[in-house]
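What follows is each chain in one-letter form.
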Amino acid sequence: MASSSSSKLDMSYHVFLSFRGPDVRNNFLSHLYTALDQTGIYTYIDSEELRKGEHISPALMKAIEDSRIAIVVFSENYAFSTWCLEEVAKIMECKAQKDLIVLPVFYKVEPREVRGGRKSYGIAMAKHESKFGKDSEIVKGWRNALFDAGSLSGWELNDGDEAKLIKGIVEEISIQLDRTPLHVAKHPVGIHSQVVKLESMLDLESDDVFMIGLWGQGGIGKTTLAKALYNAIFRQFEGSCFLENVREASKDSKDLVPLQEKVLAEILLRQRLAVNSVDRGISLMQARLSRKKVLLVLDDVNDVKQLNALAGEYEWFGKGSRIIITTRDNHLLTSHKIDKDHIYEVKTLENCEALELFNKYVSLRNNRIVIRRDLEVIALHYANGLPLALEVLGSFLCGRKENEWESALNKLAKSPNKTINDVLKLSYDGLENYAKEIFLDIACFFKGRSIEYIMKVLDGCDFDTTIGVQVLKEKSLIIEEKETLQMHDLIQLMGMDIVKQECHDDPGRRSRLWVFDDVLDVLLGDMGTNAVKAIVLDLPKPEDIYIGPNAFANMRRLRVLIMVNVHNSFQGPIHLPNELRWFEWPECPWFPKIFSGPKKLVGLDLHKSNILVVREQFQDFKKLRFINFSECESLVCLPDLSCTPNLEELDLHDCKHLVKAHESVAYHEKLQLLTLYGCKELSVFPSVLKSKSLRYLNLTNCSKLEMFPDIPDKMEGMQELQLKGTAVKQLPASIINLVSLWVMVLDKCKNLTTLPSSIYKLQKLNRLSIEGCSNLVEFPKYDENSNDSHVKMGFPNLSSLRLGGCNLSGVEFLENLFCFPKLQSLSLEGNNFTSLPASIKQRHCLESLFVSNCRRLREIPELPPPLQAIQANGCESLHKIPDLPSATTYVGLISCDELVGKGLTMAHVLPLEALITKLREDGHGERGSFLLPGGEMPEWLLPVEGNSICFMASRRLYDKFLGFAFYFIIRQGGGKGVATVYIQLHINGKGGTVTALFTPDEISDHVWLAYSKPRSLWRKVDFGQADLNHFQFSLIVGEGVLAKWGFRIMCEHLEDDLKAVIPDNERPHPALLYEVGHECTRYGVCHAHVSTNSKEESSGETDLQEKPPEPSLVHESSLASRAVEDIALARRNGPTSAGESVMGVQNTEAGRDKRNRQASTTEEEIDEERPQKLLKRMKNQERS
């Protein structure tokens, strides 16, 4: 068996295998190890031959400690080995101390023989007692370990189905490994002692079902404690689930359904049950969990409905199950029939623990600032042992000077011994008034919303939002996460409580309203007062509410009004106060009517509303900056914007009946964004565009728009112009006045016939896309006679030009090298030209050239040195291509049959010398792919028969490896299908990086050469530094229609000194190596075969034979002799690396996976499990 040990074990293992070599090494054990390895389970297996002396080595001890699971294979002679007995003793010690999972396998012995010392185990222990003495503590320890391990639940194998048993073992281990511990906390201070108490309360030895509650105030660490407890005990259960933030995830009763699905999915691993209602979920949980010992943690429960849906009765769960509930409501636990003995009150930290936690947050890494001890004592007193308060206060004081501490703590002295909100308000009280307003708005309304949206709304309220948000982040009050603003729910509740305390009994006297009942009471009763500043009612589903015309009359300070899913049964206009800054009411049936006087409205969002906009409605809206009338199907004319001089954004996308855009849009001074996407009836647009601030104009799919306006003056702001799918016939010459334009898209403009030559003067344009314009027969040439002395070259900054699917008959515009000097990507696919200009070789920035389906193209001229990719698939007339630049790593010549007729082969496209150069030099990419019709496999590649190949090599060869070459011949008449090769790296038995190569589908009779440099495969693993003995590659070809494939390791010449220090079994077979500078002659067709599992890895036996025999008919000795003959033959044919080592090609014909998948000629990483499943399927078919 191959050794997977290492002198330095830097990483933990998934599984440690303990076994008696002579009993199981060459059969069961090797099969089990292979199955684990192929499933990606990192397994430690020690070679019997490496064991010296009677005492287990320190490295083996460390391996046991670093493993998550130990499998002990008890066989007839296991107990005769003192080494094995020390192993099992250490394993049982780690089970007790480190929660190591121990799974015994009783191989042709009975469990009672192991635990009771019967038969061979009795003889063996008697022998040890004779040697060490009857009263030897060592022997007693071994007996105890055998008894304990033999008493565990495991597997028995006598004359049963070995393959079935191994499959069950692998499945069980996979399930165990899928259950990983949770992250507890950054600084889990004071947790362990509480976990010990809770484990006692849980009485884990009892078969009764227990529910316990963790009760305490917000921020006290209930969730942290529950996570730590979960980690300590979850492996003792058949299934487990930690359901976090139940309150947040189930604001509505229907939100309980996804939570039920999650509980079932996590406990019933690898099963997905659909739940369509809460009642259905309850039935499923009762049916599926009632016979299963489970651990379920329901975190932050605040409603009895949640408990009824997720843990309604004790009888739902199997014997020994434990349900842990965290909540702030003690009565909730009592009402669920949880007695007082099973309610644990989570208390504040002891003084020493509070000091330790506080110091972890307040101390700088370099610890330069020294604070007086008495100031720390005062701070700890005000935090009062509350973990969240210690974190927030510690973070606030971190890095501050002593006088700042004194000032902050003096302020805190005014409110000692307060509740949790008072502690959390420490950061809030230190804010300036504007920052407090921002914080309360985010806490009450905008948690989880995008930063961009929050900035718009709050800036509209005249807040300095940018600095305010930054201060809140510094105060640990909010968190920026994926372009949204988040905050801990306790801090959010603190903010909401501040608002509620403004007037406990009368919501109409509070500054902010967001609760449905509160809003309903205030609006129905006209109870609003001058105190109300903002109302945000975002309902999960539409609700009909009667809101009278004067409901907001008394809210003179109302600045934000957002009503989502609110349908007003009163159809008349409602009067709104003058102070209103942001009004958002989707599907609102009327336009807002604001009281007389100056209007301060900044944002107006009435999307999906049934409104007709006329000029008078916008009178006096001088401050309006954002309008969203998108999807307003009644809107026919874009409103007159002259009354809104400060408008910055106007969104009218998908206004399907919009016909006319008002002239005012063309002259607006501050308009920055205009979106008319999907306005299919829009046909009238201003003939002149002078909006100098306009940055973004989107007219995509305005299919009736035939004219783009003239631009008489320079527009400095415009950066992106989207005209895809419009009916424009031409662009005006004045397009050059878009002097800052960065992106212009004209795709699918079917009526576009010409482009002005002045387009070359767009000096900042970076990306130009004009694909699918079928009536564009000519791209303009650069006018060299231009009188503009400031424009010396055309498109000086263009990096991407896409002209695919047009009707171009020539590409003369590319001849002028004063144009497109920075062009990196050029797409000319699907056009009618016959040749490319010779000057293309001088485009020294060009990296990608796409000319596929240019059916008249006959010749490709010399290409520029930087070119990395060329794709010319479907170029039927192409009969000549140049020598490719050294930088080229991708070539696609699918269906270019004319080239083959002219004698083109892979040797012309990628000569061996060129491949070696690409592998040796940096800057040529990590991978390469070359695909063309017909051809044979180059002689320097080693043909492979079967579906996989693997080899072993010392890490000391890492610097010698240049790359790995693969060659595929796609079978003629293959039809639809994808030929796929998976390349998986194993380092000392542990699965590493997986890479996939895909051929394109629907092609046949083609050849494909691909290569990968070593670092593209093992990526983050630096073998030059890692202390590893060997690594292993596995190649799996499947899912396709390959007639033949080949492989070769490209490497530098291996010096004799290096060969001398590398063991034979750590060196690939010479037939696999192509030593550059010491080239091997061709080997002809070499077939190879791997005996089942990893037997040859330990024995060093190799099988290279011309015709692979049936595995069941080939004896090991004959395999070895044939290997020696083949090696001798190879040496006679040419010089190779000396020495025989392990090289195997698995000769199995796997059934193809018939799933359809999207194919490409690129390489990409894939799920590591997938190739393992393919291997497993192939092995099963081989056995059958």
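Residues numbered from 1 in each chain as written. Predicted model: local features only at pLDDT ≥ 70, side-chain atom pairs only at ≥ 80, totals over all residues. Heavy atoms only, no water.

(A) Summary view of the pairing of strand E14 (residues 534–545). Inspection of the sheet shows strand E13 (residues 512–513) paired to E14 by two bridges, in the parallel sense. Bridging from a neighbouring strand, Leu513 pairs with Ile535 of E14. Pairing geometry for E14 and strand E15 (residues 560–568), over eight bridges, is parallel. Considered in E15, the bridge of Asp544 is made with His567. (Pairing = 2+ DSSP bridges. Helix = DSSP H or I, 4+ residues; strand = E, 2+ residues; numbered from the N terminus.)

(B) Region of interest: the packing of helix H1 (residues 21–38) against helix H7 (residues 162–178). Contact geometry for H1 and H7: axes closest at 10 Å, N-to-C directions at 40 degrees. Considering the angle they form, H1 stands oblique to H7. Pair H1 / H7 crosses with right-handed handedness. Residues Asn27, Phe28, His31, Leu32, Ala35 and Leu36 of H1 form the contact with H7, whose participating residues are Glu162, Leu165, Ile166, Ile169, Val170 and Ile173. For the contact of H1 with H7, the per-class residue count stands at nine nonpolar, two polar and one charged. (Axes fitted to C-alpha atoms, helices over the stretch in contact; angles between N-to-C directions. Parallel < 35°, antiparallel > 145°, perpendicular 65-115°, else oblique. Left-handed = near helix turned anticlockwise from the far one by under 90°. Contact = heavy atoms within 4.5 Å. Nonpolar A, V, L, I, M, F, W, Y, C, P; charged D, E, K, R; others polar.)

(C) Looking closely at the side chain of Asp747. Summarising the element assignment, Asp747 is placed in the loop between strand E25 (743–745) and strand E26 (767–769). No salt bridge is formed by the buried Asp747. Its closest oppositely charged neighbour is Lys724, at 5.2 Å. Among the polar contacts listed, one links the side chain of Asp747 to the side chain of Ser769, at a separation of 2.7 Å. Here Asp747 is in contact with Leu723, Lys724, Gly725, Ser769, Ile770, Glu771 and Cys773, once residues within four sequence places are set aside. (Buried < 20%, exposed > 50% of the residue type's maximum accessible area, 1.4 Å probe, protein only. Lys, Arg positive; Asp, Glu negative; His and termini not counted. Salt bridge = Lys/Arg side-chain N within 4 Å of Asp/Glu carboxyl O. Polar contact = N/O pair within 3.5 Å; in protein donor to acceptor, adjacent residues only side chain to side chain.)

(D) Just the sheet that holds strand E8 (residues 294–301), in detail. Strand order in this open sheet of five strands is E7-E8-E9-E6-E10, and the pairing throughout is parallel. In this open sheet, the two strands that pair with only one neighbour each are strand E7 (239–243) and strand E10 (343–345). Mean inter-strand twist for the sheet, computed between neighbouring axes without regard to direction, equals 15 degrees. Bridge count between strand E6 (residues 210–215) and strand E9 (residues 322–327): six bridges; the pairing is parallel. Bridge pairing links Trp215 to Thr327 in E9. The sheet contacts of helix H9 (residues 222–233) involve E6, E7, E8, E9 and E10, and relative to E7 the element is tilted by about 170 degrees.

(E) Spotlight on a nonpolar patch on the surface. A surface patch of nonpolar side chains, amounting to about 190 Å² of accessible area, comprises Val636, Val659 and Val684. Its place among the elements puts Val684 in the loop between strand E22 (673–675) and strand E23 (696–698). Val684 sits in the partly exposed class, given a relative accessible area of 36%. (Patch = residues over 30% accessible without salt bridge, like charges linked within 9 Å, V, L, I, M, F, W, Y side chains within 5 Å. Areas by Shrake-Rupley, 256 points an atom, 1.4 Å probe, with all protein chains shown as cover.)

(F) Highlighting the pattern of salt bridges. Per the stated rule, a full pass over the model turns up 35 salt bridges. The closest approach of N and O atoms between Arg855 and Glu876, which form a salt bridge, is 3.0 Å. In this pair, Arg855 sits in the loop between strand E29 (848–850) and strand E30 (869–871) while Glu876 sits in the loop between E30 and strand E31 (890–892), placing the two residues 21 residues apart along the sequence. Of the residues examined, Arg855 reaches a relative accessible area of 41% and is grouped as partly exposed. Linked through salt bridges whose partners overlap, the residues forming this network are Glu437, Asp441, Arg512, Lys533 and Arg559.

(G) Main features of the sheet that holds strand E5 (residues 155–157). If you trace the five strands from one edge of the open sheet to the other, you get E2-E1-E3-E4-E5, paired in parallel fashion. Two strands in the sheet have a free side with no partner beyond their single neighbour: strand E2 (43–44) and E5. As judged from the two bridges shared by strand E1 (residues 13–18) and E2, these two strands associate in the parallel manner. Residue pairing in the sheet places Val15 in a bridge with Thr43 of E2.

(H) The arrangement of the nonpolar core in detail. Membership of the largest hydrophobic core comes to 144 residues, with the highest contact counts inside it found for Phe552, Phe629, Leu676, Met744, Phe779, Phe813 and Phe820. Beyond its immediate chain neighbours, meaning those up to four positions away, Phe813 contacts Tyr760, Phe779, Pro780, Lys781, Leu801, Leu803, Leu808, Phe820 and Leu828. Ranked by size, the runner-up nonpolar core spans 46 residues in total, among them Ile220, Leu225, Tyr230 and Ala408. (Core = buried A, V, L, I, M, F, W, Y, C linked by side-chain atoms within 4.5 Å.)

(I) Quick look at the packing of aromatic side chains. Under the definition given, this model contains 31 aromatic pairs. Here Phe28 and Tyr107 contribute two aromatic rings whose centre-to-centre distance is 5.4 Å and whose plane-to-plane angle is 35 degrees, an arrangement assigned as tilted. Placement of Phe28 in helix H1 and of Tyr107 in strand E4 (residues 101–107) is noted, with a sequence separation of 79 residues between them. When sorted by exposure, Phe28 lands in the same class as Tyr107, which is buried. On the basis of an interplanar angle of 45 degrees and a centroid distance of 6.3 Å, the ring pair of Trp316 and Phe317 is categorised as tilted. By relative accessible area, Trp316 is classed as buried at 4%. The class for Phe317 is buried, based on a relative accessible area of 3%. (Phe/Tyr/Trp six-rings, centres within 6.5 Å; stacked < 30°, edge-to-face > 60°.)

(J) Structural view of the pairing of E9. The buried count for E9 comes to six of six residues, which makes it a mostly enclosed element. What you see with E9 is no split at all: Arg322, Ile324 and Thr326 on one side and Ile323, Ile325 and Thr327 on the other are buried throughout.

(K) View of helix H11 (residues 256–267). Over its 12 residues, H11 extends 17 Å from the first C-alpha to the last, a length consistent with the 16 Å expected when each residue adds 1.5 Å. When we look at burial in H11, the residues that qualify are Leu256, Val257, Leu259, Gln260, Val263, Leu264, Ala265 and Ile267. Next to the buried residues of H11 lie E7, helix H10 (246–249), helix H12 (278–289), E8 and helix H13 (304–310). (Expected span 1.5 Å × (residues − 1).)

(L) How the structure looks around unusual backbone geometry. Positive phi is not limited to glycine here, since Asp203 has a value of about 45 degrees. Asp203 gets classed as partly exposed once you look at its relative accessible area, which sits at 37%.

(M) Quick peek at the environment of Leu397. For Leu397, the location among the structural elements is in helix H17 (residues 387–397). By relative accessible area, which is 1% here, Leu397 ends up buried. Setting aside chain neighbours within four positions, we find Leu397 in contact with Phe358, Val362, Ala379, Trp405 and Ala408.

(N) Examining helix H3 (residues 82–98) more closely. In a regular helix each residue adds 1.5 Å, so 17 residues correspond to 24 Å; H3 covers 23 Å between its end C-alpha atoms and thus fits that length. Where H3 is concerned, the buried positions are Thr82, Trp83, Cys84, Leu85, Glu86, Glu87, Val88, Lys90, Ile91, Met92 and Cys94. Where H3 is buried, its residues touch E1, helix H2 (58–65), strand E3 (67–74), E4, helix H5 (119–132) and helix H6 (137–150). Of the residues flanking the end of H3, it is Asp99, one or two places downstream, whose phi is positive at about 60 degrees.

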